[in-house]
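Observations on the three-dimensional arrangement
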Amino acid sequence: MKIEKYTLGVGDRFAHQGRAQLQAILKGREMGIDVHPVWNKSNREHLIIKSKPDDVRAEADSAVAALGWKGAYHVDADHIGLKTVDAFIAGSDFFTLDVADFTGKAAEEEAVNAFSKSVSQYSGSLSIPGIAQPFDIAEETVRRAAGKFLLAVQEAGRIYRHIGKRKGPESFITEVSVDETDAPQNPVELFLILAMIAGEGIPVQTIAPKFTGRFNKGVDYVGDLAQFEKEFDEDLSVIAFAIREFGLADTLKLSVHSGSDKFSIYSIINRLIKKHDSGLHVKTAGTTWLEEVIGLAESGGDGLEIVKEVYAQAHEHFAELAAPYSTVIDIDPDKLPNPKSVMGWSSAQYAEALRHVESSPHYNPHFRQLLHVGFKVAAGMGSRFTDALEANEAVVARNVTENLFDRHLRPIFA
Ligand SMILES: [Zn+2]
């Protein structure tokens, strides 16, 4: 199974926005932007929402049937490992092998030696077409990269073969993700990781490195834009080179686990994928959940009451909700609105504080990030929350579609 050139990952925590999300893809198609949808959900998210991997397949299939989508679409078992993959095998045709937990642990000495030998032809000064400065690849560089990533890539091989035995080896798309690690990977490391993946025989089609800068949940990129641009540009050159050198799939492309809403780098990414004529996968997820909250706020009545309650509870359980996300959120508690005053807010006040419009004086990124991780509160409300989504479907869906199309799909791909 080959992945399409441009794909957009959409996550849908409560499985009610599949059609609204697909509508955004269709709007793109009307403008001649050929993007294919991939519904992604991680094991960790399933555990919080208490949903099952097969629910994502059912949602994707039903959205596609309802809107008469004729193109390819996929269901991504996002961030799975050997321990969690089995429940995803039947319903998914895209697997994100997350081996970040295995990075930084040493592989066997023999394997390191063999890898080092296999790339010895690249040692010294390596010129990669499209990159101005040649890379200096010393024996030490190779061994250090193997020390960080070889064991992880071997683990990815085990997961890939495990899925392959059950589904058939060429019947799905394989992504390898190392984005949830402490340090970003530079282009030389990406090159060496791809060499390891090729050596392991994994037919990787999307690779998710950790990029430089901070990818906080639901808010804009924080980091050096020029540095990001340079590295992303080099990463694209590295991938094109690695496809030729290692015989990797010609569909291989970068996967950006965006954490949603990285508006300031979307234009850079757009320019660079056009420059290199390369493919791209971008994953979003939480941004759709936040649009549900905005839609309920705009609906007024019970919808507004529910999202005020979600905020009040999220505020009360701030420490506990924020803890698992400490590396991907930056919330200043002093800048969070007092839940008692939020109780008095109008629909417009709530929606404007939450909606990600940087130029708006009412936009509050602290409020937004807390609600981003606050979906656990809504999950705890069970059908009271999902009933409200259904009762206010039109307003919620309009926000979901507009957000995905205007603030993500168009700036990234158009
Ligand atoms: Zn990720």
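A brief look at the structure comes next. Here the structure is a predicted model, which is why all the values come from computation and not from measurement.

Cut-offs and rules
- Residues numbered from 1 in each chain as written.
- Predicted model: local features only at pLDDT ≥ 70, side-chain atom pairs only at ≥ 80, totals over all residues.
- Heavy atoms only, no water.
- Pairing = 2+ DSSP bridges.
- Helix = DSSP H or I, 4+ residues; strand = E, 2+ residues; numbered from the N terminus.
- Axes fitted to C-alpha atoms, helices over the stretch in contact; angles between N-to-C directions.
- Contact = heavy atoms within 4.5 Å.
- Donors = N, O, S within 2.8 Å, 3.2 Å for Na, K, Ca; no water.
- Buried < 20%, exposed > 50% of the residue type's maximum accessible area, 1.4 Å probe, protein only.
- Salt bridge = Lys/Arg side-chain N within 4 Å of Asp/Glu carboxyl O.
- Arc of directions from axis to C-beta.
- Core = buried A, V, L, I, M, F, W, Y, C linked by side-chain atoms within 4.5 Å.

**So, the sheet that holds strand 9 (residues 253–257)**
Pairing is parallel in the closed barrel, where 8 strands are placed in the order 1-2-3-4-7-8-9-10. Sheet twist, expressed as the mean angle between neighbouring strand axes with direction ignored, is 25 degrees. The pairing of strand 3 (residues 74–80) with strand 4 (residues 94–98) spans 3 bridges and is classified as parallel. When the sheet's bridge partners are listed, Ala77 is paired in strand 4 with Phe95. Helix 1 (residues 18–30) contacts strand 1 (6–10) and strand 2 (36–42) of the sheet and is inclined by roughly 150 degrees relative to strand 2. Contacting strand 2 and strand 3, helix 3 (residues 53–67) crosses the sheet at an angle of about 160 degrees to strand 2.

**Quick look at the coordination of the zinc ion**
Binding of the zinc ion to the protein goes through His79 (NE2), Asp179 (OD) and His257 (ND1), at separations of 2.0 to 2.3 Å. All donor residues of the zinc ion come from one chain, and their arrangement in sequence is H-x99-D-x77-H. Of this pair, Asp179 sits in the loop between strand 7 (173–177) and helix 6 (187–199) while His257 sits in strand 9; the two residues are 78 residues apart in sequence, bridging distant segments of the chain. In this structure Asp179 comes out as buried when scored by relative accessible area, which is 14%.

**Here we look at the pattern of salt bridges**
All chains considered together, the criterion is met by 28 salt bridges. A salt bridge links Asp277 to Lys5; the shortest N-O distance between them is 2.5 Å. Taken together, the residues Asp277 in the loop between helix 8 (263–276) and strand 10 (280–283) and Lys5 in the segment before strand 1 connect sequence positions 272 residues apart. Classification of Lys5 by relative accessible area gives partly exposed; the value is 40%. With a shortest N-O distance of 2.7 Å, Glu298 and Arg355 are connected by a salt bridge. Residue Glu298 is located in helix 9 (residues 286–299), and its partner Arg355 is located in the loop between helix 13 (347–354) and helix 14 (365–373); the two are separated by 57 residues in the primary sequence. For Glu298, a relative accessible area of 29% gives the class partly exposed. Within the structure, one salt-bridge network assembled from shared partners comprises Asp76, Asp78, Glu175 and Lys283.

**A word on helix 16 (residues 383–391)**
For helix 16, the set of buried residues is Phe385, Thr386, Ala388 and Leu389. What you see down the axis of helix 16 is that its buried residues fit within an arc of 155 degrees, all on one side.

**Quick notes on the side chain of His46**
By the element assignment, His46 lies in helix 2 (residues 43–49). Ignoring anything within four residues of it in the chain, the contact list for His46 reads Lys41, Ser51, Lys52, Pro53, Val56 and Phe88.

**Section: the nonpolar core**
The biggest cluster of nonpolar side chains holds 90 residues, and the ones touching the most others in it are Phe95, Leu194, Ile207, Phe232, Leu280 and Phe413. Sort the elements by how many residues they give to this core and helix 5 (residues 139–167) lands first, with 12 residues. Here Leu280 is in contact with Lys5, Tyr6, Thr7, Phe232, Lys253, Leu254, Val256, Ile269, Ile273, Ile412 and Phe413, once residues within four sequence places are set aside. Core analysis: the second largest hydrophobic core is formed by 42 residues, Trp289, Ala322, Val342 and Val396 among them.

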